[in-house]
Amino acid sequence: MAKLSQPTKAAIGTSLAGGAFSALSSAPLQFGHLFRGRFPTVAVTGMTGVGKTRLADRLARRASVEATLDDGSATMERRTRKTAKGRGFRFRVVPGDNAATRLSALDEVFHDDPVDGVLHVVANGHATPRGSMSTDATREELLATELEDFAITAHRIASMAVRRDRPIWVVIVVTKADLFTDDVDDAVRYYSPGSGTPFGAKVDELRSLAGSARLSVDVLPMFTEAETVTGREKKQADRGSAELISRLESRMAQLSGHV
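Right, let's walk through the structure included here. Quick caveat, the model's predicted, so the values are computed rather than measured.

Scoring rules and cut-offs
Residues numbered from 1 in each chain as written. Predicted model: local features only at pLDDT ≥ 70, side-chain atom pairs only at ≥ 80, totals over all residues. Heavy atoms only, no water. Buried < 20%, exposed > 50% of the residue type's maximum accessible area, 1.4 Å probe, protein only. Helix = DSSP H or I, 4+ residues; strand = E, 2+ residues; numbered from the N terminus. Pairing = 2+ DSSP bridges. Salt bridge = Lys/Arg side-chain N within 4 Å of Asp/Glu carboxyl O. Expected span 1.5 Å × (residues − 1). Arc of directions from axis to C-beta. Contact = heavy atoms within 4.5 Å.

**Remarks on the pairing of strand β2 (residues 77–82)**
Two faces, one strand: in a regular strand the side chains alternate between the faces of the sheet. Only one face of β2 is buried, namely the one carrying E77, R79 and R81, since none of R78, T80 and K82 on the opposite face is buried. With six bridges connecting them, β2 and strand β3 (residues 88–93) associate as antiparallel partners. Paired with R78 across the bridge in β3 is R92.

See the structure below:
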């Protein structure tokens with residue numbers, strides 16, 4: 001059997017060492033990719049008073065803190081949802097009112113550490129006025145504020161989408177649906193692409209900027225807690241809320257490849 005010369009042995013050793021180093025150096029990247037696939041990051045966006053924190057808490061199976069619900073959060077809230085199958089979601093709730101921290105949080109979730117999906121929360125003009133909002137704001141004024149807020153967020157979503165090498169998803173969550181039970185279908189239509197409404201036009205513009213192949217958009221109604229009923233009616237409403245939460249969770253699982 002031929003013997004290897006010292007230079008040849010050294011070259012083989014260097015090659016093996018280089019291969020081992022390469023495998024080790026790529027391990028964190030592979031692990032990070034696997035973790036992100038199992039626990040995708042989701043931005044929860046929308047104007048103040050629409051119920052972002054309460055929605056994130058319901059999805060994460062976490063009790064809401066009343067002080068946060070009453071006053072809103074001035075910083076980005078973080079939640080994690082874990083399932084028995086070793087999957088879940090990491091939520092990033094973007095402040096809706098404080099200008100400086102809100103813009104910083106938007107930069108983080110759409111640029112510095114881009115998310116995999118977006119829950120953009122709206123309330124069909126039924127947002128709870130607080131912070132810089134006037135308590136006398138009309139529904140038309142609240143709808144206009146929603147539209148302005150979405151325009152800012154949509155611009156960042158589009159910018160993120162064109163930089164990504166894989167599609168992202170957006171679910172427009174129409175909260176407080178228990179306050180307009182007879183108009184839920186009309187509300188969903190108002191926020192949907194191709195509806196011809198002012199909000200629908202903004203969604204169409206977002207899809208055009210991002211590219212339809214890079215972005216999917218769903219619109220789902222929601223209420224996280226019945227606000228206007230008590231007793232037996234509240235129990236029925238709570239069951240309805242749980243069904244809507246389950247529907248949203250199922251859609252998120254589909255969009256994230258968990259099913």
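**Re helix α2 (residues 52–59)**
When you tally the buried positions in α2, you get six out of eight residues, the bulk of the element. Turning to α2, its buried residues number three or more, namely K52, T53, L55, A56, D57 and L59. In the segment just after α2, R61 is the residue with positive phi, at about 60 degrees.

**Points about the pattern of salt bridges**
Taken as a whole and judged by the stated rule, the model has twelve salt bridges. Across the pair R79 and D57 runs a salt bridge whose closest N-O atoms are separated by 2.4 Å. Linking R79 in strand β2 with D57 in helix α2, this pair joins segments that are 22 residues apart in sequence. A single burial state applies to R79 and to D57, both of which are buried. The network of salt bridges with shared partners includes D116, R164, D165 and R166.

**What to know about helix α7 (residues 198–210)**
With 13 residues, α7 should cover 18 Å at 1.5 Å per step; its first-to-last C-alpha distance of 19 Å lies within 8% of that length. What α7 keeps buried is the set F199, G200, V203, L206 and A210. Buried residues in α7, looked at end-on, bunch into an arc of 115 degrees, giving them a common side. Buried residues along α7 sit against β4 (117–122), α5 (139–163), β5 (168–174), α6 (184–190) and β6 (215–221).

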